[in-house]
Amino acid sequence: MKKLLAIISVLLVIFIGMYIYKSNINQNTLNIAEVQKIEEYISKIYMWQEITEQALPKFDNINDAPELWVWEVVKKNIEEFELEYQQIQEKAQEIFGDKFKKEFPKNGTEYILYDESANKYFSTGVGLDTLDDLFLIKNIKKIKNGYEVEIVEYLEDYGNAMGIEDESEIYNVNIKNLNNETIATIKSNESETATIEAVKKNIEKFNTKILTLFQDKEGNVFLESVK
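Each chain carries its own residue numbering, running from 1 in the direction its sequence is written. Where totals are concerned, whole chains, interfaces and linings use all residues; where local detail is concerned, this predicted model gives features only for residues with pLDDT of at least 70, and gives and counts side-chain atom pairs only at 80 or more. The basis for the side-chain values is all heavy atoms of the structure; hydrogens and waters are excluded.

Here Glu53, not a glycine, exhibits a phi torsion of approximately 75 degrees, which is positive. One can find Glu53 in the loop between α4 (49–52) and α5 (67–76). Look at Glu53 and you get exposed, because its relative accessible area is 68%. Even without a glycine there, the phi angle at Asn180 is positive, about 65 degrees. Within the secondary structure, Asn180 sits in the loop between β6 (172–176) and β7 (182–187). Runs of H or I in DSSP of at least four residues are treated as helices and runs of E of at least two as strands, each being numbered from the N terminus. Here the term buried applies to any residue with accessible area under 20% of the maximum for its type, exposed to any over 50%, and partly exposed to those in between, with areas from a 1.4 Å probe on protein chains only.

Quick look at the structure:
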């Protein structure tokens, strides 16, 4: 039920509209390009809790981030199934920046397996549940050399679609917080805007996190910490 890239493209339009809507963000003199850059970056690193336990764990420094989450983020952003060690390490640096000092384990990970005979790594398939792990950017604050971004985390539960063969059949999609509590329900034929509005109306019932992003001289942003 993962919508993956389709979700990212749809949410991008919605998020930009949300920033225009929220005046407290405009006071930081953010422009649309900055908002888009930040949203696209967070989409790259936002995972699935059934694979990494948390879509986005908390940590004080990127080098203290859980190993499984780090390398699954890298795997998510590499399209190839067959991987070279250097390719993995370089992609990690590309995603997390020069402050990232972790090294990919030579023996591989749970989902990136090492084949000694080929001296290569192979990305394994993983099973996804009926929950879409999503985020909504609540606020962005400019700080020295970067941004402080507050996100709201929520889940779209497509469990009611199980067993339905007719794609035109309408069913309920439950909007949940990270405690698996149903906060709102929408119909499957409603647009993503309906979900966003449901989250915004009940925003105090959802989990929030603060991401610190630093920006390099070229304007690229990288994750520094999550609180």
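A surface patch of negative charge is lined by Glu165, Asp166, Glu167 and Glu169. Tracing the backbone shows Glu169 in the loop between β5 (146–157) and β6. A residue is classified by how much of its surface remains accessible, and Glu169, at 40% relative accessible area, is partly exposed. Patch membership requires more than 30% relative accessible area and the absence of a salt bridge. Residues of like charge join within 9 Å; the nonpolar side chains Val, Leu, Ile, Met, Phe, Trp and Tyr join within 5 Å. Here the Shrake-Rupley method, with its probe set to 1.4 Å, supplies the accessible areas, and only the displayed protein chains count as covering residues. Each salt bridge in this description consists of a side-chain nitrogen of Lys or Arg and a carboxyl oxygen of Asp or Glu lying within 4 Å of one another. Charged-residue counts in this description rest on Lys and Arg as positive and Asp and Glu as negative, His and the chain ends being excluded. To locate a charge, the coordinates of NZ of Lys, CZ of Arg, CG of Asp or CD of Glu are taken.

We call two strands paired when DSSP finds no fewer than two bridges between them. The 3 strands lie next to each other as β1-β3-β2, forming an open sheet whose pairing is antiparallel. Single-partner strands in this sheet number two, and they are β1 (82–83) and β2 (112–115).

On to the packing of aromatic side chains, then. Put simply, two rings from Phe, Tyr or Trp (the six-membered ring, in Trp's case) pair if the centres are within 6.5 Å, and we call them stacked under 30 degrees between planes, edge-to-face over 60, tilted for the rest. What the rule picks out here adds up to 14 aromatic pairs. Judged by centre distance (5.0 Å) and plane angle (55 degrees), the ring pair of Tyr46 and Phe135 falls under tilted. Of the two residues, Tyr46 is situated in the loop between α3 (32–45) and α4 and Phe135 in strand β4 (residues 131–143); the sequence distance between them amounts to 89 residues. No difference in accessibility class separates Tyr46 from Phe135, as the two residues are buried. Among the aromatic residues, those joined into a ring-pair cluster are Phe59, Trp69, Trp71, Tyr85, Phe96, Phe100, Phe104, Tyr114 and Tyr121. Lying across the ring of Trp48, Lys76 places its NZ or CZ 5.4 Å from the centre. The lysine or arginine in question, Lys106, covers the ring of Tyr85, its NZ or CZ lying 3.8 Å from the ring centre. When the NZ atom of lysine or the CZ atom of arginine is within 6 Å of a ring's centre and also within 35 degrees of its normal, the charge is said to sit over that ring.

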